[in-house]
Structure formats: C-alpha cells, structure tokens
Amino acid sequence: MQLLDLILEVPLVYIMTALVLGLMVGSFLNVVIYRLPLMMKREWRLQCCEYLELDEKKYRKNDATAKFKTFNLVKPDSHCPQCKAPVRAWQNIPLVSYAFLGGKCGKCKAKISPRYPIIELVTGVLTAVVAWHIEASWFSVAAMILTWCLVALTMIDFDHQLLPDSITLPLLWLGLVLAALGLIPNVSTADSIIGAAAGYLSLWSIYWVFKLLTGKEGMGYGDFKLLAVFGAWMGWQSLLLVVILSSLVGAVVGIGLIVLRGRDRNIPIPFGPYLAGAGYIALIWGEPLTQSYLQLLS
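Cut-off values and rules
Residues numbered from 1 in each chain as written. Predicted model: local features only at pLDDT ≥ 70, side-chain atom pairs only at ≥ 80, totals over all residues. Heavy atoms only, no water. Helix = DSSP H or I, 4+ residues; strand = E, 2+ residues; numbered from the N terminus. Rg over C-alpha atoms; globule rule 2.2 N^0.38 Å. Buried < 20%, exposed > 50% of the residue type's maximum accessible area, 1.4 Å probe, protein only. Contact = heavy atoms within 4.5 Å. Areas by Shrake-Rupley, 256 points an atom, 1.4 Å probe, with all protein chains shown as cover. Lys, Arg positive; Asp, Glu negative; His and termini not counted. Charge placed at Lys NZ, Arg CZ, Asp CG, Glu CD. Patch = residues over 30% accessible without salt bridge, like charges linked within 9 Å, V, L, I, M, F, W, Y side chains within 5 Å. Salt bridge = Lys/Arg side-chain N within 4 Å of Asp/Glu carboxyl O. Disulfide = S-S within 2.5 Å. Axes fitted to C-alpha atoms, helices over the stretch in contact; angles between N-to-C directions. Parallel < 35°, antiparallel > 145°, perpendicular 65-115°, else oblique. Left-handed = near helix turned anticlockwise from the far one by under 90°. Nonpolar A, V, L, I, M, F, W, Y, C, P; charged D, E, K, R; others polar.

Visitor: Give me the lowdown on the overall build of the protein chain, citing residues and values where you can.
Guide: Scanning the protein chain for helices and strands turns up 10 helices and 0 strands. Starting at the N terminus and walking to the C terminus, you meet the elements of the protein chain as α-α-α-α-α-α-α-α-α-α. Computed over C-alpha atoms, the radius of gyration of the protein chain comes to 21 Å, within 12% of the 19 Å expected from 2.2 N^0.38 for 298 residues, which places it in the range of a compact globule. The dimensions of the protein chain, computed from C-alpha atoms along their principal axes, are 65 × 60 × 40 Å. Looking at the protein chain residue by residue over its 298 residues, the buried ones come to 39%. In the protein chain, the share of contacts with a sequence separation of at least 24, taken over all contacts with a separation of at least 6, comes to 67%. When the accessible surface of the protein chain is totalled, it reaches about 17800 Å², and 67% of it is carbon and sulfur. Each charge sign in the protein chain was given a centre, from 24 positive and 19 negative side chains, and these centres are 15 Å apart.

Encoded structure:
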C-alpha cells in the first residue's frame, strides 16, 4: 500500500507512472492495430462463404492469417515478419528495445518500422497528459482506457477505414454506466443518454442528407458510434465542440493532402482519426475551450 499511496499522493510520481503504463499499453496496441482488422476480415470471409455455400479454403490466398491455425490478439506469438524469429521478452520493452536493436530485427537485421515506437511514445504521452489534468480517481482510470482505445481506433481507421464495433460499442456502454454511477464529473445520467443518442443521430442525419443529395457516402457508421461514445462520456453539451474541432482539423488536413500531395479528392479520407483527436481534446480541455469561446462571443 505504501507504493500505491506514493503514486496517488505525489503528482510527479503519478504522472510518470502513467507515462510508463502508457508506453507498455502502446506496445500492446501495436498488436491490436495490426491484428484486429485481419481478424475481422477473416470472420467476414467465413460468414460470406458460409452464407453463399462456398469453399472458404479457395479464398485464403491473400489472407495473411491463413497460415496460422489460431490467429487472435494473443496467438501466434510476436515474431519477425521476414525471418519468423520470435520476439523475445526483452525485445518488447517499449522504446528501449527499438533503440538497442537499432530499429532492426535481432536475427535477420530487417528494418523495423519506426511506427511501432512512435505509437508507444504517443500512447505514453497521452496517458501522462490524462494523469496531469485529471486527478487520480476511477474516472482518470476510465479516461486512460478511453485514450488507449482512441489511439487504436485512429490507426485502424487510418489503415483500413474501419472503426471496429468491438472497441466503440464497449466504450459507449462504459460511458453510460460511468455516468449512471456518478463517476463522470459534471455529467448526469440524462446528459449521457441524450449525448449518446444525439451524437449518433446527428452524424446519421448528415450522412443521409449528403447521400440523398450526392448519391455518395460521406462517412461510415463507425463515425456515428464514435461520436455517440463522446456524447455518453461528456454529455450532449460537448458534441458541438467535438464536431467543430474534428471538422476544422479534417478540412485543413484534407485540403493540405490535395494541394501538397495531389491526392485525388474522390479518394476517401477517414474521419475517425480527426473525430478521435477532437474527442480527446474535449475530454482534457473541453471546459476551458468552451469558456474561452463564450468569452469571445460576449
């Protein structure tokens, strides 16, 4: 208990502990970001083949999971994609192992993407920011879990244009339960329920208006669910701020990609990363941002 008391009572120790915890979770998130979409696609293929009465084995050629009897977040063990050498425990130490190995596989010396330590570092820093701004409580623990899920959702949507229900729906229910238990500051049960409904229905309405006018889909259903998550966690009052922030960032990045990189404007740009970033900002700095905005209007 003395160690726990030290962590909870000394702010610097609490923040540093959160940083280390975030780095460790970031290492696991790299696994989630890579494997979860593959698991989803394999399950979809199995369901389609079962429904159409097709031989599923014929459609495994381009499936990276086909060579594994069991493929989930735990199995198979982490290994080098080039030489298949298993990743040892010390090689999984966040940031340190990457630096020690010089960004290469310990056996075949194949280059390891810097994306892995970047995700670890970003997750660690974002977790430390939560600890810095939210005092130690059940809500701060929940806010860290939300942060980790947002990191995973951001990268999965960036890579595959997917926001998995296996992440968004548990977050939605967790937010509603936390509000019902009175564990979210300044958010009542009614605010949470209305926020979840308003978050989903607002983007759902925009989706259908845009589709009826243009014949195109402007966003995915995962975006509706993610905004519903923020409504459940922060109440309906936060939704406008989240939408404004995500739209501004999305517009700036989208225009920048078109101008600087010549990106085809018909190629979809995932909205989830901007929505996730805006939700995180609103979670940490939502109240001062809203107050500053109201002062400008007054």
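Once you've had a look at it, read on.
Visitor: Got a sec to walk through a nonpolar patch on the surface? Specific residues and values, please.
Guide: Together, Trp 138, Val 141, Ile 145, Val 177, Leu 181 and Leu 183 line one region of the surface with nonpolar side chains, adding up to about 590 Å² of accessible area. In terms of residues, the nonpolar patch owes the most to one element, helix 5 (residues 138–160), which gives 3 residues. With respect to the helices, strands and loops of the structure, Val 177 is situated in helix 6 (residues 165–180).

Visitor: Quick rundown of the state of the cysteines? Include the residues and the values.
Guide: By the definition in use, this model includes 0 disulfides. With no disulfide of its own, Cys 49 has Cys 48 as its nearest cysteine by sulfur position, at a separation of 6.9 Å.

Visitor: Please set out the packing of helix 2 (residues 11–52) against helix 5 residue by residue, giving values where relevant.
Guide: One can describe the packing of helix 2 onto helix 5 by two numbers: an axis separation of 9 Å at closest approach and a directional angle of 40°. It follows that helix 2 is oblique to helix 5 by the angle criterion. As helix 2 packs across helix 5, the resulting crossing turns out to be right-handed. On helix 5, the residues that touch Tyr 14, Ala 18, Leu 21, Gly 22, Val 25, Leu 29, Val 32, Ile 33, Leu 36, Pro 37 and Lys 41 of helix 2 are Ser 140, Met 144, Trp 148, Val 151, Ala 152, Met 155, Ile 156, Asp 159 and His 160. Grouping the constituent residues of the contact of helix 2 with helix 5 by class yields 15 nonpolar, 3 polar and 2 charged.

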